[in-house]
Amino acid sequence: MKKIITLAAALIAATSLFAQTKLKVGATPEPHAAFLNLIKEDLKAEGVDLVVVDFTDYVIPNEALESGEIDANFFQHLPYLDSFNKERGFHLVNAGGIHVEPIAVYSKKVKSLNDLKKKATVAIPNDPTNEGRALLLLQAAGLIELDKSAGITATVLDIKKNPKKLKFKEIEAASLPRVLADVDAAVINGNYAIPAGLSATKDGLFVEGAESPYVNIVAVKDGRQNDAAIKALVKALQSQKIKDYVSGKYANGEVVTVF
């Protein structure tokens, strides 16, 4: 009898292993990949074998998703996704919102934005959506004034008033922490600021408000948003485990969950 039970248990385990659905998800390191690694075992219990594919830029993860190299990605906010689809003719959609990483202005040369001298150099992201986001932040800080029609796709060409005659360096977002010491200030996205040891609430000279529309999402190819494995992924990322992790790891508000 014991042999029969043992054999049955082995068959169930083997069947469960065989039935696992492999799900490849691209992510930037922090906090996205950290979240994903945290829920691997939870997904395995749901029959999903989560494979995290690390990326360090904002372009290749979407190209990999559109081509089918990966099943989903988790690194970008919704305005960036919309802009990318429009620019590249891609077919990527939002499968679920997870968190906001407030963008902030940082500096190693001044303690306050009021201390920025005339013709100071400010580094900003060079991708269309995050450049607009950075410029809107600088406008909110009172440093510049943008054309009212510019919106979230604003560029430096939309700057109508620049009292300090600030100079802007448009740089790849991932490189901004590395150039911070070489410029007077830089506007840095949360998922690149955090690994560099920068805290928006502690180190930021001006921080994006909690009303931010820039929610980080799980993106998939259109048509896959209702796949069981994708739904399980989003559910796990919108779990109390993630909330608890965020409240402990990012107690200073560097990351804010939206569910």
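About the criteria used
- Residues numbered from 1 in each chain as written.
- Predicted model: local features only at pLDDT ≥ 70, side-chain atom pairs only at ≥ 80, totals over all residues.
- Heavy atoms only, no water.
- Pairing = 2+ DSSP bridges.
- Helix = DSSP H or I, 4+ residues; strand = E, 2+ residues; numbered from the N terminus.
- Contact = heavy atoms within 4.5 Å.
- Axes fitted to C-alpha atoms, helices over the stretch in contact; angles between N-to-C directions.
- Phe/Tyr/Trp six-rings, centres within 6.5 Å; stacked < 30°, edge-to-face > 60°.
- Buried < 20%, exposed > 50% of the residue type's maximum accessible area, 1.4 Å probe, protein only.
- Parallel < 35°, antiparallel > 145°, perpendicular 65-115°, else oblique.
- Nonpolar A, V, L, I, M, F, W, Y, C, P; charged D, E, K, R; others polar.
- Left-handed = near helix turned anticlockwise from the far one by under 90°.

Brief notes about the sheet that holds strand S9 (residues 167–171)
- Strands sit in the order S9-S6-S10-S5-S11 across an open sheet of five strands; the sheet is mixed. Unpaired on one side and paired on the other, S9 and strand S11 (206–207) mark the two borders of the sheet.
- Here strand S5 (residues 104–106) runs beside strand S10 (residues 185–188); their pairing, made up of three bridges, is antiparallel. Bridge assignment links alanine 104 to a residue of S10, and that residue is isoleucine 188.
- Those strands touched by helix H6 (residues 128–140) are S5, strand S6 (121–125), S9, S10 and S11, and its axis lies near 135° from that of S6.

Digging into the packing of aromatic side chains
- Overall, the coordinates contain nine aromatic pairs when judged by the stated rule.
- Measuring from ring centre to ring centre gives 5.9 Å for phenylalanine 35 and tyrosine 245, while their planes differ by 85°; the resulting arrangement is edge-to-face. Of this pair, phenylalanine 35 sits in helix H2 (residues 29–38) while tyrosine 245 sits in helix H11 (residues 240–249), and the two are 210 residues apart along the sequence.
- Using a relative accessible area of 24% as the deciding quantity, one classes tyrosine 245 as partly exposed.

What about the environment of arginine 224?
- Mapped onto the secondary structure, arginine 224 falls in the loop between strand S12 (215–221) and helix H10 (228–237).
- Taking the relative accessible area as the measure of exposure, arginine 224 reaches 26% and is therefore partly exposed.
- Remark: the alpha-carbon pair of arginine 224 and valine 93, spanning 131 residues in sequence, is separated by 8.9 Å.

A few points about unusual backbone geometry
- The omega torsion of the bond from glutamate 30 to proline 31 falls at 5°, within 30 degrees of zero and hence cis.
- In this fold, proline 31 is placed in helix H2.

A look at helix H5 (residues 78–88)
- Here H5 has its buried residues at Pro79, Tyr80, Leu81, Ser83, Phe84 and Asn85.
- Along its buried surface, H5 packs onto helix H4 (60–67), strand S3 (72–77), strand S4 (92–100), H6 and S12.
- Positive phi appears at glycine 89, one or two residues downstream of H5, with a value of about 70°.

Considerations on the pairing of S10
- Of the two faces of S10, the one holding Ala185 and Val187 and the one holding Ala186 and Ile188 are both buried throughout.
- Bridge count for S6 against S10 is two bridges, and the pairing is parallel. Within S10, the position partnered with alanine 123 by the bridge is alanine 186.

Examining the packing of H5 against H6
- Running from amino to carboxyl end, H5 crosses H6 at an angle of 140°, the nearest separation of the two axes being 8 Å. By the angle between their axes, H5 is oblique relative to H6. Each of Pro79, Tyr80, Ser83 and Glu87 in H5 lies in contact with H6, whose residues at this interface are Pro128, Thr129 and Asn130.
- Residues of the contact of H5 with H6, tallied by class, amount to three nonpolar, three polar and one charged.

Section: the packing of H2 against H11
- It is at 11 Å that the axes of H2 and H11 come closest, and there the two elements cross at 135°. Classified by the interaxial angle, the pair formed by H2 and H11 is oblique. For the crossing formed where H2 meets H11, the hand is right-handed. Packed against H2, whose contacting residues are Glu30, Ala34, Phe35 and Leu38, the element H11 presents Lys241, Ile242, Tyr245, Val246 and Lys249 at the interface.
- Of the residues contributing to the contact of H2 with H11, the split by class is six nonpolar, no polar and three charged.

Observations regarding the environment of glycine 47
- Secondary-structure assignment places glycine 47 in the loop between helix H3 (40–45) and strand S2 (48–54).
- For glycine 47, a relative accessible area of 17% gives the class buried.
- Considered as a pair, glycine 47 and glutamine 20 are 27 residues apart in the sequence and their alpha carbons are 4.6 Å apart.

Some details on the sheet that holds strand S1 (residues 21–27)
- One open sheet holds the six strands; their spatial order is S2-S1-S3-S12-S4-S13, and the pairing between them is mixed. Because the sheet does not close on itself, it has two edges, and the strands there are S2 and strand S13 (256–257).
- Summarising the sheet, S4 and S13 pair through two bridges and their orientation is antiparallel. Note on S13: the bridge partner recorded for histidine 99 is threonine 257.

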